[in-house]
Amino acid sequence: MPQITSTALPYTAFLARYEAQPDTHTDCYHARVAKHVPLEPFINAFFNSWLFRIERLILKLTLTKPATDQDIANLANGTSNNMAAWRIEERDDDQILLEVPDTPIRTWPMREDAGDHTNLYFGSAILPMRTDKNGKPAMGHIFIVLMGFHQLYARALLYLAKRALR
């Protein structure tokens, strides 16, 4: 997916608060769309992609945390503060930071006007949830094992959102 690049977090990113925390994994991926894209359609395109629908199904079956298209629309338009396992931690006109309560997971889509195009960002944070044998905070083992998959999955989700917004 050459159209999706790994990049530093923008300085205005809500996710940056976690980047500064020691032993916390953060990532940020970038795509460019050649038109103005508000946050609402970006959220809808992202969470309604065919790939994310698979995650929605898994959450419904394993955690009984369903997310309907209407739930996504309500999150996108600001009339709801949660969707499936996620709850809004912070939101403004350009970005939304979601947390999965009682877990180390944070999810963050952001859009940014850039003249004749819009920059789309997607990132995650995985907070430490255990201590290693030296007593140092560390990510859970499952997150370490799945990190390569997560990075590919994050890029694919942003790519599909970008494609839907063209």
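The rules behind these values
- Residues numbered from 1 in each chain as written.
- Predicted model: local features only at pLDDT ≥ 70, side-chain atom pairs only at ≥ 80, totals over all residues.
- Heavy atoms only, no water.
- Pairing = 2+ DSSP bridges.
- Helix = DSSP H or I, 4+ residues; strand = E, 2+ residues; numbered from the N terminus.
- Buried < 20%, exposed > 50% of the residue type's maximum accessible area, 1.4 Å probe, protein only.
- Arc of directions from axis to C-beta.
- Salt bridge = Lys/Arg side-chain N within 4 Å of Asp/Glu carboxyl O.
- Axes fitted to C-alpha atoms, helices over the stretch in contact; angles between N-to-C directions.
- Parallel < 35°, antiparallel > 145°, perpendicular 65-115°, else oblique.
- Left-handed = near helix turned anticlockwise from the far one by under 90°.
- Contact = heavy atoms within 4.5 Å.
- Nonpolar A, V, L, I, M, F, W, Y, C, P; charged D, E, K, R; others polar.
- Phe/Tyr/Trp six-rings, centres within 6.5 Å; stacked < 30°, edge-to-face > 60°.
- Core = buried A, V, L, I, M, F, W, Y, C linked by side-chain atoms within 4.5 Å.
- Patch = residues over 30% accessible without salt bridge, like charges linked within 9 Å, V, L, I, M, F, W, Y side chains within 5 Å.
- Areas by Shrake-Rupley, 256 points an atom, 1.4 Å probe, with all protein chains shown as cover.

Visitor: Give me the lowdown on the pairing of strand 6 (residues 105-114), citing residues and values where you can.
Guide: Pairing of strand 5 (residues 96-99) with strand 6 involves two bridges; the strand directions are antiparallel. Counterpart to Leu98 in the pairing with strand 6 is Thr107. Between strand 5 and strand 6, which pair antiparallel one after the other, the connecting turn spans five residues, and Asp102 there sits at a positive phi close to 65°. The antiparallel hairpin formed by strand 6 and strand 7 (residues 117-126) contains two residues in its connecting segment, where Gly115 sits at a positive phi of about 70°.

Visitor: Can you break down helix 4 (residues 69-77) residue by residue, with the values?
Guide: When we look at burial in helix 4, the residues that qualify are Ile72, Leu75 and Ala76. Angularly, the buried residues of helix 4 cover 100° about the axis, an arc narrow enough to put them on a single face. Phi turns positive one or two residues past the end of helix 4, at Gly78, with a value near 85°.

Visitor: Would you mind going over the pattern of salt bridges in detail, with residue names and values included?
Guide: If charged atoms from side chains of opposite charge come close, those side chains can pair. Tallying each qualifying case throughout the model produces nine salt bridges. Asp69 serves as the salt-bridge partner of Arg56, at 2.9 Å between the closest nitrogen and oxygen. Of this pair, Arg56 sits in helix 3 (residues 50-63) while Asp69 sits in helix 4; the two residues are 13 residues apart in sequence, bridging distant segments of the chain. Where Asp113 meets Arg111, a salt bridge forms, and the shortest distance between an N and an O atom there is 2.5 Å. Taking relative accessible area as the criterion, Arg111 reaches 4% and is therefore assigned buried. Overlapping salt bridges, with partners in common, bring together Arg17, Arg87, Glu89, Glu90, Glu99 and Arg106 in one network.

Visitor: Could you give me a rundown of the packing of helix 2 (residues 39-47) against helix 4, with the residues and numbers involved?
Guide: With their axes 8 Å apart at the nearest point, helix 2 and helix 4 run at an angle of 150° to one another. Between helix 2 and helix 4, the angle is such that the two are roughly antiparallel. For the pair helix 2 and helix 4, the crossing hand works out as right-handed. Along the contact surface, helix 2 presents Glu40, Ile43, Asn44 and Phe47, while helix 4 presents Ile72, Ala73, Leu75, Ala76 and Asn77. Considering only residue class, the contact of helix 2 with helix 4 consists of six nonpolar, two polar and one charged.

Visitor: Requested: an account of the packing of aromatic side chains, with residues and values cited.
Guide: Scanning all chains against the criterion turns up nine aromatic pairs. Geometrically, the ring pair formed by Phe46 and Phe52 is tilted, given 6.3 Å between the ring centres and 45° between the ring planes. Assigned by exposure class, Phe46 and Phe52 land together as buried. Put simply, the rings of Phe42, Phe46, Phe47, Phe52, Trp86 and Phe122 touch in pairs and so form one group of aromatic residues.

Visitor: Go over the nonpolar core with me, naming the residues and quoting the values.
Guide: Membership of the largest hydrophobic core comes to 35 residues, with the highest contact counts inside it found for Phe42, Phe47, Leu75, Trp86, Leu120 and Leu158. Listing elements by their share of this core, those giving two or more residues are strand 2 (25-33), helix 2, helix 3, helix 4, strand 4 (86-91), strand 5, strand 7 and helix 5 (141-165). Tallying contributions element by element places helix 5 first for this core, with eight residues. Core analysis: the second largest hydrophobic core is formed by 12 residues, Leu9, Tyr18, Cys28 and Met110 among them.

Visitor: If you had to explain a nonpolar patch on the surface to someone new, which residues and values would you point to?
Guide: A surface patch of nonpolar side chains, about 320 Å² in accessible area, is lined by Trp50, Ile54 and Ile58. Within the fold, Ile58 resides in helix 3. The class of Ile58 is partly exposed, set by a relative accessible area of 47%.

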